[in-house]
Number of protein chains: 2
Amino acid sequence: MGEISLEELQLAARNHGMPLEALRYDVTPVGLHYLLIHYDIPPVDAGSWALSLGGLVANPMKLTLDELRARPAVELTVTMECAGNGRARLTPHVVSQPWLNEAVGTARWRGVALAALLEEASPLDDAAEVVFTGLDRGLEKEIEQQYERSLRLDDTRDAVLAYEMNGAALPPQHGFPLRLVVPGWYGMTSVKWLTSIEVIDRPFEGYQQAEAYRFRLDEDDDGRPLTRMAPRALMIPPGIPEFSSRARTVARGDVRLEGRAWSGHAPITGVEVSDDGGETWADADLGPDEGRWAWRGWGHLWRPKRTGYHELCCRGRDVAGNVQPLEPQWNVGGYSNNAVQRVPVTVTE
Amino acid sequence: MGEISLEELQLAARNHGMPLEALRYDVTPVGLHYLLIHYDIPPVDAGSWALSLGGLVANPMKLTLDELRARPAVELTVTMECAGNGRARLTPHVVSQPWLNEAVGTARWRGVALAALLEEASPLDDAAEVVFTGLDRGLEKEIEQQYERSLRLDDTRDAVLAYEMNGAALPPQHGFPLRLVVPGWYGMTSVKWLTSIEVIDRPFEGYQQAEAYRFRLDEDDDGRPLTRMAPRALMIPPGIPEFSSRARTVARGDVRLEGRAWSGHAPITGVEVSDDGGETWADADLGPDEGRWAWRGWGHLWRPKRTGYHELCCRGRDVAGNVQPLEPQWNVGGYSNNAVQRVPVTVTE
């Protein structure tokens, strides 16, 4: 891996991952869930804030937070991962937020079902997509913009307009007072600090849809849009770390390896573990199914046969047959690198 | 500034700063407060956890969380900064957690006054220092250790054993179920995941006291221990950012610059602002005094005289006469770099 520049460090100092020992929590405590903020966290006065729902609808609406809270609520436990997770492990180096493996988290999101609100607004016959606009504003590739993403109407079914995270009001950094949460999709879809929802009759061509967040093999490739999360399993690094290198030491004996796995495409059907860098694999035990959109726990009793250096790996697969690759597929934006996690550990007597 | 290695990036991905726009909050929302975790966040079962208070005391104690909560509570608003804040801006490069300017936060800590608990335990006549041990365990310079720091008895007066942060139970990453909070001191003093407090009759020689966290001018220098926070003022970067460079653009007109300033040595008595890289300075207005241990707000109306590039700076000074330097003083550990913040901005028509 190449080195990281000052500019990338500025991003890494703001946008943090989830320390991997936090895989021990079913629901990630606030402050440990990953965060990716394109511009600045905007200041929002909840009293004067309102959501506009308009465009190609029969009943355009303007809704205060109290009006949203007065509607029937839904709560979903959702695992969310950044599309750029794994970027810093690509060669050649891709310059952007330098994620290693840890851009993930699981939260309980409570709010209004998007589909119910859209039904109330009643989209017109030519409605095709829904555009979500956040209050966060900045420049990207010289284009001044508010953060905006769209979904095809067909893809809005499971989404929530969330005003609570883990039983409390959304924290500022997660989109206070309201954010979109689209289960199963990479996090760029779940627009924070929502200010408007607009129904349109054609594919949305905004920067974050048409330029960014596309899987492109080279500069001439138009690529395909990033959508659902590819499968990934992660383990809690066992043993104890050295402070500056994070290198792990494990005392010889039975070691319970544990972690979580998820896929936005289909339920997780298996997790495998290797202690020799991916040469041989053993099946892990899956924990209980905590719901379609939540990660699945797994565990495996590891008995190291010798002391010294080992490279632990894990990989997940889903019901649709998607499995994690041993090596990443390089791409221009550094997206969707779900190559297996590798955890070097030294076993001591 | 030199580039950052994979090892430092691993630290930066775990240990996050406070995005500087969060200077707008008197009290930093949980999840935005800076975090520096030497090893891993330890799992703690609050039901079986208890704090030992022993060593050179007449009445050694073992206290459950309920027993601590049953005692009179104190609540303090405390600004806490990492001793390594500013490290990544030193040349030559110092390898460790690569902080820029943002390793700070302010919280409301509620718990038991340390002095009251020590009085209850009744230190013996030869008591000199108090050693605080956390449950977090790892290796540092080949020494396996739990995180430990000490305070001289004289320095324990203002400290709190905190079980709440911002009105809720401590989050795991801030030391659940109990942490030490020492107002005015750099954060390394405020031991998280406390398991024991021991009174001793001599200076503590543990790694984090005798080896780390010392201000050493070169490898032959024994140096002096880091203690209280040097003064620092920070501003909310004005205007809007470009995503990857974080470069700021401000529309010409009146710009209200705002930020916070603090010093562990004495109250803040002034903040100055420059728009020409520190050639000329103007006094900022100070906001209300929010208590001895909390940062102080400041503001300044800036009227750019021209468009184009400007380097904004701010610097604070305290009642004891400490003032921020224009250039940092290099040191082996990369500590206590309180050189003035520099915020490049481009003013547009």
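Definitions and limits used
- Residues numbered from 1 in each chain as written.
- Chains lettered and ligands numbered in written order.
- Predicted model: local features only at pLDDT ≥ 70, side-chain atom pairs only at ≥ 80, totals over all residues.
- Pairing = 2+ DSSP bridges.
- Helix = DSSP H or I, 4+ residues; strand = E, 2+ residues; numbered from the N terminus.
- Contact = placed C-beta atoms within 7 Å.
- Nonpolar A, V, L, I, M, F, W, Y, C, P; charged D, E, K, R; others polar.
- Buried ≥ 20, exposed ≤ 12 C-beta atoms within 10 Å, placed from the backbone.
- Arc of directions from axis to C-beta.
- Domains from an automatic or database assignment.
- Core = buried A, V, L, I, M, F, W, Y, C linked by C-beta atoms within 7 Å.
- Axes fitted to C-alpha atoms, helices over the stretch in contact; angles between N-to-C directions.
- Left-handed = near helix turned anticlockwise from the far one by under 90°.
- Least-squares fit on C-alpha atoms with pLDDT ≥ 70 in both.

A. Main features of the sheet that holds strand E17 (residues 268–274) of chain A. All names here are of chain A. Spatially, the 6 strands line up as an open sheet ordered E14-E15-E22-E21-E17-E18, and their pairing is mixed. Looking at the sheet topology across the chains shown, the edges are occupied by strand E14 (240–241) and strand E18 (282–283). Where E14 lies against strand E15 (residues 248–251), 2 bridges are found, and the strand directions are antiparallel. Considered in E15, the bridge of Ile240 is made with Thr249.

B. Main features of the interface of chain B and chain A. Across the contact, 48 residues belong to chain B and 48 residues belong to chain A. Listed by contribution, the elements that provide at least two residues to the side of chain B that touches chain A are helix H1 (6–14), strand E5 (129–140) and strand E14 (240–241) of chain B. At 7 residues, the largest contribution of residues to the side of chain B that touches chain A is made by H1(B). Looking at the side of chain B that touches chain A, its residues break down into 25 nonpolar, 12 polar and 11 charged.

C. Structural context of helix H3 (residues 114–121) of chain B. Residue and element names in this part refer to chain B. Within H3, burial applies to Leu114, Leu117, Leu118 and Ala121. Viewed end-on, H3 has its buried residues packed into an arc of 100 degrees, placing them on one side of the element. Just downstream of H3 lies Ser122, where phi reads positive at about 60 degrees.

D. The arrangement of the domain arrangement of chain A in detail. All names here are of chain A. Partitioning chain A into domains gives domain 1 (6–225) and domain 2 (232–348). Centre-to-centre, using C-alpha coordinates, domain 1 lies 27 Å away from domain 2. For the side of domain 1 that touches domain 2, the secondary structure elements donating two or more residues are strand E3 (74–81) and strand E11 (214–215). Broken down by class, the residue content of the side of domain 1 that touches domain 2 amounts to 13 nonpolar, 9 polar and 9 charged.

E. Region of interest: the nonpolar core. Leu161(A), Ala162(A), Leu161(B) and Ala162(B) are the most contacted members of the largest nonpolar core, which totals 181 residues. In this structure Leu161(B) touches Leu68(B), Gly111(B), Val112(B), Leu114(B), Leu117(B), Leu178(B), Leu180(B) and Leu194(B), once residues within four positions along its chain are discounted.

F. Structural view of H1(B). With 7 of 9 residues buried, H1(B) is to be regarded as a mostly interior element. Along H1(B), the residues that are buried comprise Glu8(B), Leu9(B), Gln10(B), Leu11(B), Ala12(B), Ala13(B) and Arg14(B). Turning to H1(B), the residues buried within the fold contact helix H1 (6–14) of chain A.

G. Fine view of the pairing of strand E7 (residues 160–165) of chain A. Residues and elements named next belong to chain A. With 5 of 6 residues buried, E7 lies mostly within the body of the structure. Sheet analysis places strand E4 (residues 104–113) next to E7, joined by 5 bridges and oriented antiparallel. Among the inter-strand pairings, Trp109 is bridged to a residue of E7, identified as Met165. Relative to strand E9 (residues 179–181), E7 runs antiparallel, the two being bridged by 3 bridges. Bridged to Leu161 within E9 is Leu180. Where E7 folds back on strand E8 (residues 168–169), the antiparallel hairpin that results is connected by 2 residues, among which Asn166 adopts a positive phi of roughly 50 degrees.

H. Here's a closer look at the packing of H1(A) against H1(B). Running from N to C, H1(A) and H1(B) point in directions that differ by 35 degrees, and their axes come no closer than 7 Å. Crossing of H1(A) over H1(B) shows right-handed handedness. The residues of H1(B) that touch H1(A), namely those facing Leu9(A), Ala12(A) and Ala13(A), are Leu9(B), Ala12(B) and Ala13(B).

I. Spotlight on the relation of the copies chain B and chain A. Superposing chain B onto chain A requires a rotation of 180 degrees together with a translation of 0.0 Å along the rotation axis, leaving an RMSD of 0.0 Å. Both copies are brought into coincidence by an operation consistent with a two-fold rotation axis. The rotation axis passes nearest to the C-alpha of Gly31(B) in chain B, at a distance of 1.7 Å. Most of the interface of chain B is mirrored in chain A: 100% of its interface residues are interface residues there too.

J. Expanded view of the sheet that holds strand E13 (residues 232–235) of chain A. Residues and elements named next belong to chain A. Pairing is antiparallel across the open sheet formed by 4 strands, whose spatial order is E13-E16-E20-E19. Only two strands of the sheet have a single partner each, and these edge strands are E13 and strand E19 (285–286). Relative to strand E16 (residues 255–262), E13 runs antiparallel, the two sharing 4 bridges. For Met235, the partnering residue across the bridge sits in E16 and is Gly259.

K. Molecular detail of the environment of Ile4(A). Relative to the assigned elements, Ile4(A) resides in the segment before H1. In this structure, the C-alpha to C-alpha distance between Ile4(A) and Ser274(A), residues 270 residues apart in sequence, is 30 Å. Setting aside chain neighbours within four positions, we find Ile4(A) in contact with Leu9(A), Pro98(A), Glu3(B), Ile4(B) and Leu9(B).

L. Representation of the pairing of strand E10 (residues 194–200) of chain B in the model. Residue and element names in this part refer to chain B. Inspection of the sheet shows strand E1 (residues 51–55) paired to E10 by 4 bridges, in the parallel sense. In the strand pairing of E10, Gly55 is matched with Val199. As defined by bridge partners, E5 adjoins E10 across 6 bridges and the pair is classed as antiparallel. Each residue of the ladder has a partner; that of Thr133, found in E10, is Ser196.

M. Fine view of the environment of Ala233(A). Residues and elements named next belong to chain A. Take Ala233: it is sitting in strand E13. Taking the C-alpha atoms as reference points, Ala233 and Val340, separated by 107 residues in sequence, lie 7.5 Å from one another. Residue contacts for Ala233: discarding those within four places in its chain leaves Gly259, Ala261, Val271, Trp298, Cys314, Arg315, Gly316 and Gln324.

N. Molecular detail of unusual backbone geometry. For the bond running from Phe176(A) to Pro177(A), omega is 5 degrees, close enough to zero to count as cis. If you trace the backbone, Pro177(A) turns up in the loop between E8 and E9. Of note, the bond from Thr91(B) into Pro92(B) is cis; its omega dihedral lies within 30 degrees of zero at -5 degrees. Mapped onto the elements of the fold, Pro92(B) is located in the loop between strand E3 (74–81) and strand E4 (104–113). Although it is not a glycine, Arg246(A) adopts a positive phi angle of roughly 65 degrees. Mapped onto the elements of the fold, Arg246(A) is located in the loop between E14 and E15. A tally of 20 C-beta atoms within 10 Å means that Arg246(A) is categorised as buried. Not every positive phi belongs to a glycine, and Glu142(B) is a case in point at roughly 65 degrees. Relative to the assigned elements, Glu142(B) resides in the loop between E5 and strand E6 (143–152). You can call Glu142(B) exposed: it has 6 C-beta atoms within 10 Å.

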